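Residue-level listing of the chains:
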Amino acid sequence: MKHLVTAPRRLLVLEDCLNDAELLRRSLSAEWPECEIVHVSTEAGFKTALEQGGCDLILSDYSLPCFAGLSALAVARERCPEVPFLFVSGAIGDGEAIESLKAGATDYVLKDRLARLIPAIRRALNEAQECVRRKQAEAQLRQSEEQYRDLFENATDLIQSVTPEGRFLYVNRAWRQTLDYTEAEVAQLSVFDVIHPEYHEICRDHFQSANSGEASPWEGIFLTKYGRQLYVEGNVSARFESGKLAATRWIFHDVTEAKLATVALKRSIRRYEALVNSVDGIVWQADLPSLRFSFVSQQAERLLGYPVSRWTEEPGFWQEHIHPEDREKAVTLCSSLTEQQKYQNFEYRMLAADGSVVWLRDIVSLRIENGGAPQIQGIMVNITPRKQAEAKVRRIQQELEATNKDLLRRNQEIQSFYHTLSHELKTPLTSAREFISILMDGLAGPVNETQMEYLGIAKESCNQLRVCINDLLDATRLETGKMALELKPVSLATLVQRVVTTMGPRAAGKQIALRHQVQPGLPDAPIDEHRMTQVISNLLNNAIKYTPPGGEIVVTAREAPAHPELLHVSVRDTGCGIAKEHQEHIFDRLYQVKAGDATTEQGVGLGLYLCRELVQLHGGNIWVDSELGQGSTFCFVLPKSQQMLQSNLLVIDDDPDVLDMLRQLLAAEQYNVRTARDGQEGLQEMRRQAPDIVLLDLKMPNLSGPATLKEIRKDWGQIPVIVHTAFADGELMKQALAFSPFTLLAKPCPAEQVVETVRKIQRAGDTAIWKRNHYGLPRPSMK
Ligand code: ADP
């Protein structure tokens, strides 16, 4: 046995016999001179000594006169059970010895064998110390076991210990809680009940290939009691006992959330990639300032034919494949992006793999993330078809311009020819007519009846020719803008009456009843008397011309029904009427309806054209209602006041200088001009009062020109619009074209051209038709 104690420091001796006590003391002191020997002989002394404590061992007589040795033992066991208790007795029988040992004595020594005492004390002390040491070790073990259990139980990782057969030796609380099993249920489980079947094979492999080396990593799927799948990651190690696999130890943690997040992330990346690749444009990203591409979508390959990898792997790939003429501009624009100027939008050409040229519109933006290196990103859209279409439109426009110029030139030639012809004809015609008159008046000698009749016919032919020549001259004047009206207050009623009176004999000569109805009290209106006489005479002439004998012609003048601001004149006949298909053309220049019978005298087809132009110059409108074989009614309206003659213009432009300039320019030309600073304001203004003509800018804030035009077409139909823009061939123009027709004026436009364009539109049939529809001008019925 190992000697744990070298020497006791304090020994308690309970002995009533002083000699024996002295004997013991001597023996003990001889062995352990340093040791304190405390001698007591009574129960009280014994108890006091015990209370003082510090005794390494108790020696007691077995039989004391008033305090039995066993009682002392009982007291000692109670108060200091760990201190060895030896009986030293003169006579102790075997039975008593056994009884004392049972009662807790450590040993006993007979007084006549005191030689045994010291070894017995030594042994007892050793045993006591051994016992204390063992207890301490046991306590430590218990404590450390508890610590480990506490550690495992409170670990957040899932821990399991499994036998090679798959039975659970231990699972920690996190395991039970995560997998929803109670301790009792775990006892009934096999590891294969909680591992997803897909992982059984791998699990068995772990059992078979287990070795005592390092733990091996493991990941798999566990199933909770309720079947929920749990993605786990961790490691497995093995414990061997006597060279045999005793258990596998698994420590793992739940990574379900992370796993699902990864799956979701992958799915979202796939979705994003699909989206980016389905965009009908090249989505890209590049580093600055190198302009090296870090990403480019699949569309790049489809559009330009180079593999996507070349874009990202070859530095300078993009720059090298830009059309040489556009390279510098494109690179400079991309490189010049800054915090202040984050966006660029430009067009350039790239050279495709097949050698073709592809036009791209690149919408680029700067991106600086969390103070990292700046990047640029963008989307390149294929605009080749648009560019080709634009080139085609430009070509067609040029051709049209050339044709227009040619037509204009020819028209001018014809007009000047008409003019010359009319003048050249007019002089000899006048002298021919004068000479005929001289002859008829008998100033050149007597004329017989037949000669007089022939001269009459000649004179009438001269008159007709004069009318034709005058019409031709008037038409030329109108077209060259040289026809000016002399408006002054005139009584339309008187004018009508006079013309009817003048034409009376002609109607009577053809047995046609000619009447007139004039509303009493009609006010004077701003009228060019000569021209209005011409209009009504023309209409009346036609009525007489196209009405057979026995027919009737009625001329009326009154206020327009439902439009007291207008005067209304109608010439109704019971003549041959006009077929529907001709009605919309008869006011056109030189338009004639072929007469069925050769007897009808035909003019040159300028009469109605002049009527329409003159009525419109008066600010009025003319139309016909007719039915073949039934007769015709020609109607026109005229404004009662001068003010109504002025056309209302609305100028919509965001440039205040342009607005001001146009307002002054057009107001000086007697137009009523209103202005609006953007599309929205323009539409509001139009809703307040519809103008006759709109001048519209294209590039404006709030509501762009094309968007405004769209609204205008929706609510005001074909109201004449002049698009006045500096972007005559841009994207806005393309959008605006969808809402044509309109007249185009490219900014900056000379003042006289603006005025001339407005005038032309004002006189054009479109304005008149629009006006008529818009104002709902009255159309008289046939009855
Ligand atoms: P024209 O000199 O031929 O009369 P206009 O311009 O005056 O030319 O008239 C054009 C055409 O309209 C004529 O050719 C004729 O057929 C038709 N027209 C004009 N007025 C009438 C009418 N009152 N009745 C029937 N047809 C008419």
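Residues numbered from 1 in each chain as written. Predicted model: local features only at pLDDT ≥ 70, side-chain atom pairs only at ≥ 80, totals over all residues. Heavy atoms only, no water.

### Points about the site of the ligand
Put simply, the rule reads: A single heavy atom is enough: if one lies within 4 Å of a molecule or strand, its residue is considered near that molecule or strand. Here a polar contact is taken to be a pair of N or O atoms separated by no more than 3.5 Å, where protein atoms must pair a possible hydrogen donor with a possible acceptor and residues adjacent in sequence count only if both atoms sit in side chains. Computed by Shrake-Rupley with a 1.4 Å probe, the accessible areas treat only the displayed protein chains as cover when residues are assessed. To qualify as a helix, a DSSP run of H or I must reach at least 4 residues; to qualify as a strand, a run of E must reach at least 2; elements of each kind are numbered from the N terminus. Gly falls in the polar group here, along with every residue not listed as nonpolar (Ala, Val, Leu, Ile, Met, Phe, Trp, Tyr, Cys, Pro) or charged (Asp, Glu, Lys, Arg).
Residues in close proximity to the ligand total 20 residues, the closest being Asn 542, Asp 573, Gln 592, Gly 605 and Leu 608. Backbone polar atom of Val 593 to an oxygen atom of the ligand: 3.1 Å apart, as the coordinates give it. With respect to the ligand, the backbone of Gly 607 contributes an N or O atom lying 3.4 Å from an oxygen atom. In isolation the ligand exposes 520 Å². Once the protein is present, 96% of that is buried. Among the secondary structure elements, those contributing two or more residues to the shell around the ligand are α18 (529–545), α20 (607–617) and β22 (631–639). Among the residues making up the shell around the ligand, the classes are represented as 11 nonpolar, 7 polar and 2 charged.

### What about the confidence of the model for the chain?
Keep this limit in mind: The pLDDT value tells you how sure the predictor is about a given residue, anywhere from 0 up to 100. The contact criterion used is simple: two residues touch if any of their non-hydrogen atoms lie within 4.5 Å.
Taken residue by residue, the chain gives an average pLDDT of 87. The fraction at 70 or more is 95%. Within the chain, strand β17 (residues 513–518) carries the highest mean pLDDT (96), whereas helix α26 (residues 765–775) carries the lowest (48). Overall, residues 765–783 carries pLDDT values under 50, and its contacts beyond four positions in sequence, including any with other chains, amount to 49 contacts.

### Things to note about a nonpolar patch on the surface
Short version of the rule: Residues enter patches when they are more than 30% accessible in relative terms and free of salt bridges; like-charged ones are connected within 9 Å and nonpolar ones (Val, Leu, Ile, Met, Phe, Trp, Tyr) within 5 Å. Any carboxyl oxygen of Asp or Glu within 4 Å of a side-chain nitrogen of Lys or Arg constitutes a salt bridge here.
Together, Tyr 148, Leu 151 and Phe 152 give the surface a local cluster of nonpolar side chains, amounting to about 320 Å² of exposed area. Looking at the element boundaries, Phe 152 is found in helix α5 (residues 117–154).

### With respect to the sheet that holds strand β12 (residues 293–296)
Put simply, the test is: Note on pairing: two strands pair once DSSP finds at least 2 bridges between them. To define axes, lines are fitted to C-alpha atoms, for helices over the stretch in contact only, and angles between the resulting N-to-C directions are given on a 0 to 180 degree scale.
Read across the open sheet, the 5 strands follow the order β12-β11-β15-β14-β13; overall the sheet is antiparallel. One side of each edge strand has no neighbouring strand; the edge strands of this open sheet are β12 and β13 (343–351). In this sheet, adjacent strand axes meet at a mean angle of 25° when their direction is disregarded. Looking at chain direction, strand β11 (residues 282–287) and β12 are connected through 3 bridges and run antiparallel. Residue pairing for β12: Gln 285 is matched across the bridge by Phe 295. Along the sheet, helix α15 (residues 384–440) makes contact with β13, β14 (357–367) and β15 (375–382), crossing β14 at roughly 125°.

### Here's the deal with the packing of helix α17 (residues 492–509) against α18
Formally: Roughly parallel means an angle under 35 degrees; roughly antiparallel, over 145; roughly perpendicular, 65 to 115; everything else is oblique. Each crossing is labelled by how the near helix is turned from the far one, with a counterclockwise turn of less than a right angle marking it left-handed and a clockwise turn marking it right-handed.
At a minimum axis separation of 10 Å, α17 and α18 run at an interaxial angle of 40°. Taken together, the axes of α17 and α18 lie oblique to each other. As for how α17 packs across α18, the hand of that crossing is right-handed. For the pair α17 and α18, contact is made by Leu 492, Leu 495, Val 496, Arg 498, Val 499, Val 500, Met 503, Arg 506 and Ala 507 and by Glu 529, Met 532, Thr 533, Ile 536, Ser 537, Leu 540, Asn 541 and Ile 544, respectively. Here the contact of α17 with α18 is composed, by residue class, of 11 nonpolar, 3 polar and 3 charged.

### With respect to the packing of helix α16 (residues 449–479) against α20
Taken N-terminus to C-terminus, the directions of α16 and α20 make an angle of 45°; their axes are 10 Å apart at the nearest point. Comparing their axes, α20 and α16 come out oblique. Crossing handedness for the pair α16 and α20: left-handed. In this structure, α16 uses Asp 471, Asp 474, Ala 475, Leu 478 and Glu 479 to contact α20, whose residues at the interface are Gly 607, Tyr 609, Leu 610, Glu 613 and Leu 617. Residue composition of the contact of α16 with α20, by class: 5 nonpolar, 1 polar and 4 charged.

### Looking at the environment of Ile 282
The condition is simple: Burial classes follow relative accessibility: with a 1.4 Å probe on protein chains only, a residue under 20% of its type's maximum area counts as buried, one over 50% as exposed, and anything between as partly exposed.
Relative to the helices and strands, Ile 282 is located in strand β11. Residue Ile 282 is classed as buried on the basis of its relative accessible area, which comes to 0%. Each C-alpha atom of the pair Ile 282 and Gly 730 lies 23 Å from the other, and the pair is 448 residues apart in sequence. Leave out the neighbours within four places in its chain, and Ile 282 touches Val 296, Ser 297, Gln 299, Ala 300, Leu 303, Leu 304, Gly 378, Ile 379 and Met 380.

### Comments concerning the pairing of strand β5 (residues 107–110)
Put simply, the rule reads: The handedness of a crossover follows from its direction of travel: if, with the strands pointing away from the viewer, the path from the first strand over the helix to the second runs clockwise, the crossover is right-handed.
Sheet topology note: the strand β4 (residues 85–89)/β5 ladder contains 4 bridges and is parallel. By the bridge assignment for β5, Leu 86 is matched with Asp 107. Note on the crossover from β4 through helix α4 (residues 94–102) to β5: the handedness is right-handed.

### Here we look at helix α1 (residues 18–31)
Just so we agree on the cut-off: Helix span, expected: 1.5 Å multiplied by one less than the number of residues in the helix. Picture the helix axis, draw a direction to every C-beta atom, and the arc is the one those directions span.
With 14 residues, α1 extends 20 Å from end C-alpha to end C-alpha; this agrees with the ideal 20 Å at 1.5 Å per step. Of the residues making up α1, those classed as buried are Ala 21, Leu 24 and Leu 28. For α1, the arc enclosing every buried residue in end-on projection is 65°, short of the 170-degree limit, so these residues lie on one face. Opposite the buried face of α1, by more than 90 degrees, sit the exposed residues Asn 19, Arg 26 and Ala 30. For α1, the secondary structure elements touched by its buried residues are β1 (10–14), β2 (36–40), β3 (57–60), β4 and α5.

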